[in-house]
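# Understanding the architecture of this molecule
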Amino acid sequence: MNLVPTIITDINVLKIPCETVELNEGIKIGEQLLEYVKSDKNNWAGLAANQLGINKRVCAMLDIYLVNPEIIDKKGTMYYTEQCLSFPKKDVLVKRYTDITITADNFESELYFSAESNMFKCACVQHEIDHLNGITMFERVNTKIKRNSPCLCGSNKKYKKCCGGSNNVHDTKYKDEI
Ligand SMILES: [Zn+2]
Ligand SMILES: [Zn+2]
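Within the protein, the zinc ion (ligand 2) binds to C151 (SG), C153 (SG), C162 (SG) and C163 (SG); these donor distances fall in the range 2.2 to 2.4 Å. Around the zinc ion (ligand 2), the four donor atoms sit at angles spanning 105 to 115 degrees, and that spread fits a shape best called tetrahedral.

What follows is the structure, given as structure tokens:
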């Protein structure tokens, strides 16, 4: 499989949270995602299933994939400049946790990521899990953005009407403490 898949770039599609997936199906999707990520042709850091139009909770990053990942513990704050396959050539400074513990259905034990041991991987796993929750890096942005200025995501909407919106559906559920 050498094909480079088409990546979803429509932020309105990417804002739809993914559904929990049955383990066997999740493993199939995860192996495919990981193959894309590891392909020399792509040289990608991570990929979430919904970036391929598959609305299931599976993502891959560097050398692993995660089926139905959930963050169960988190602490610390860091700032990290991220990029996203869905928004080429946009670098965004985002706020992330320095330490997170997650569960995933394809791993028996919990997985722990820390900025101290691997800052890139720690940010990456948070970026990908955000995707599964319908959250893009533009909602985690740390730069001060005027509410009436164009949104960084390129939607041509005002920031306040887009990724910075107070009526964002994810506000209460996932944007909480960060
Ligand atoms: Zn992304
Ligand atoms: Zn936006």
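Under perfect tetrahedral coordination by four donors, a metal shows angles of 109.5 degrees; under perfect octahedral coordination by six donors, it shows angles of 90 or 180 degrees. Summarising the metal site, the zinc ion (ligand 1) is bound by the protein donors C84 (SG), H127 (NE2) and H131 (NE2), whose distances to it range over 2.0 to 2.2 Å. Sequence positions of the residues that donate to the zinc ion (ligand 1) give the spacing C-x42-H-x3-H. Remark: H131 and H127 occur in helix 3 (residues 115–132); sequence separation between them is four residues, near one turn of the helix. Look at H127 and you get buried, because its relative accessible area is 7%.

Pairing within the open sheet is antiparallel, and its three strands lie in the order 1-2-3. At either margin of the open sheet sits one strand with a lone partner, and together these are strand 1 (46–48) and strand 3 (64–67). Sheet twist, expressed as the average angle between the axes of neighbouring strands with direction ignored, equals 10 degrees. Sheet topology note: the strand 1/strand 2 (residues 58–61) ladder contains three bridges and is antiparallel. Paired with A48 across the two strands is C59, which belongs to strand 2.

Mapped onto the elements, A115 comes out in helix 3. Judged by relative accessible area, which is 13%, A115 ranks as buried. Each C-alpha atom, one on A115 and one on T6, is 31 Å from the other, the two residues being 109 residues apart in sequence. Residues within four places of A115 in sequence aside, it is in contact with M78, T98 and C122.

How each quantity is defined
Residues numbered from 1 in each chain as written. Chains lettered and ligands numbered in written order. Predicted model: local features only at pLDDT ≥ 70, side-chain atom pairs only at ≥ 80, totals over all residues. Heavy atoms only, no water. Donors = N, O, S within 2.8 Å, 3.2 Å for Na, K, Ca; no water. Tetrahedral: all angles 85-135°; square planar, octahedral: opposite > 155°, others 65-115°. Helix = DSSP H or I, 4+ residues; strand = E, 2+ residues; numbered from the N terminus. Buried < 20%, exposed > 50% of the residue type's maximum accessible area, 1.4 Å probe, protein only. Pairing = 2+ DSSP bridges. Axes fitted to C-alpha atoms, helices over the stretch in contact; angles between N-to-C directions. Contact = heavy atoms within 4.5 Å.

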